[in-house]
Amino acid sequence: MTLFLPAAVGSLRTSLLQVRPEFEDAARSLGRRPLSVLLTVTLPLVRPGILTGAALVFLLTMKELPATLILSPIGFTTLASSIWAAAEEAFFARAAAPALLLIAVSSIPLALITMREERRED
């Protein structure tokens, strides 16, 4: 939690800072309750920041080897730890398939973030 929380909070904070208070004030002046304003106005405006934060945390957890080695139970194998174990023993061919899988799985959120940024620029 301590390792990945800053990435999620940074993305969410940036998204929240871009929400104009006038939108929330207008909804309240039209009779919306605070929870309704949060769900119908604020949350849709910060949804891209939430999704980006989740994607960043996913990418960080996919490549995080030290935390995996320290915190994983005995006998629990992840992609990062299997790549490290094979590369440590100089079995580079055995490390290639998990490394390619790690790159493929990690590229999906990265592609989504990139496509969202390109749509935002248009």
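What counts and what doesn't
- Residues numbered from 1 in each chain as written.
- Predicted model: local features only at pLDDT ≥ 70, side-chain atom pairs only at ≥ 80, totals over all residues.
- Heavy atoms only, no water.
- Bend = angle between axes of the 7 residues up to and from the residue.
- Helix = DSSP H or I, 4+ residues; strand = E, 2+ residues; numbered from the N terminus.
- Buried < 20%, exposed > 50% of the residue type's maximum accessible area, 1.4 Å probe, protein only.
- Axes fitted to C-alpha atoms, helices over the stretch in contact; angles between N-to-C directions.
- Parallel < 35°, antiparallel > 145°, perpendicular 65-115°, else oblique.
- Left-handed = near helix turned anticlockwise from the far one by under 90°.
- Contact = heavy atoms within 4.5 Å.
- Nonpolar A, V, L, I, M, F, W, Y, C, P; charged D, E, K, R; others polar.
- Core = buried A, V, L, I, M, F, W, Y, C linked by side-chain atoms within 4.5 Å.
- pLDDT = per-residue confidence, 0-100.
- Salt bridge = Lys/Arg side-chain N within 4 Å of Asp/Glu carboxyl O.

## Here's the deal with helix H3 (residues 34-63)
Because an α-helix completes one turn every 3.6 residues, residues spaced three or four positions apart along the sequence face the same direction.
Argument step 1. Of all the bends in H3, the greatest, near 55 degrees, is centred on Leu 43, and the proline Pro 44 appears no more than four residues after it.
Argument step 2. Every buried residue belonging to H3 is among Val 37, Val 41, Thr 42, Val 46, Gly 49, Thr 52, Gly 53, Ala 55, Leu 59 and Met 62, and all of these are buried.

## Thoughts on the packing of helix H2 (residues 21-29) against H3
Argument step 1. Following both chains from N to C, one finds H2 and H3 inclined at 160 degrees, their axes separated by 10 Å at the closest point. By the angle between their axes, H2 is roughly antiparallel relative to H3. Here H2 and H3 pass one another in a crossing that is right-handed. Facing Phe 23, Glu 24, Ala 27 and Arg 28 of H2, the residues of H3 in contact are Val 37, Val 41, Thr 42 and Leu 45.
Argument step 2. A class-by-class count of the residues in the contact of H2 with H3 yields five nonpolar, one polar and two charged.

## Focus on the nonpolar core
Argument step 1. In terms of nonpolar packing, the biggest core is built from five residues, these being Met 62, Ile 83, Ala 86, Ala 95 and Leu 102.
Argument step 2. When residues of this core are traced back to their parent elements, those giving at least two are helix H5 (79-88) and helix H6 (92-121).
Argument step 3. Beyond its immediate chain neighbours, meaning those up to four positions away, Leu 102 contacts Met 62, Leu 79 and Ile 83.

## Some details on the environment of Leu 112
Argument step 1. Looking at the secondary structure, you find Leu 112 in helix H6.
Argument step 2. Linking Leu 112 and Ala 55, residues 57 residues apart in sequence, is a C-alpha distance of 8.6 Å.

## Remarks on the confidence of the model for the protein chain
Argument step 1. Taken over all residues, the pLDDT of the protein chain has a mean of 86, while the share at 70 or more is 98%.
Argument step 2. Ranking the elements of the protein chain by mean pLDDT puts helix H4 (residues 65-71) last with 78 and H2 first with 93.

## Notes on the pattern of salt bridges
Argument step 1. Evaluation of the coordinates by the stated rule reveals two salt bridges.
Argument step 2. Between Glu 22 and Arg 20 there is a salt bridge, with its nearest N and O atoms 3.3 Å apart.
Argument step 3. Judged by its relative accessible area of 48%, Arg 20 falls in the partly exposed class.
Argument step 4. Across the pair Arg 28 and Asp 25 runs a salt bridge whose closest N-O atoms are separated by 3.2 Å. Of this pair, Arg 28 and Asp 25 both sit in helix H2, separated by three residues, roughly a single helical turn.

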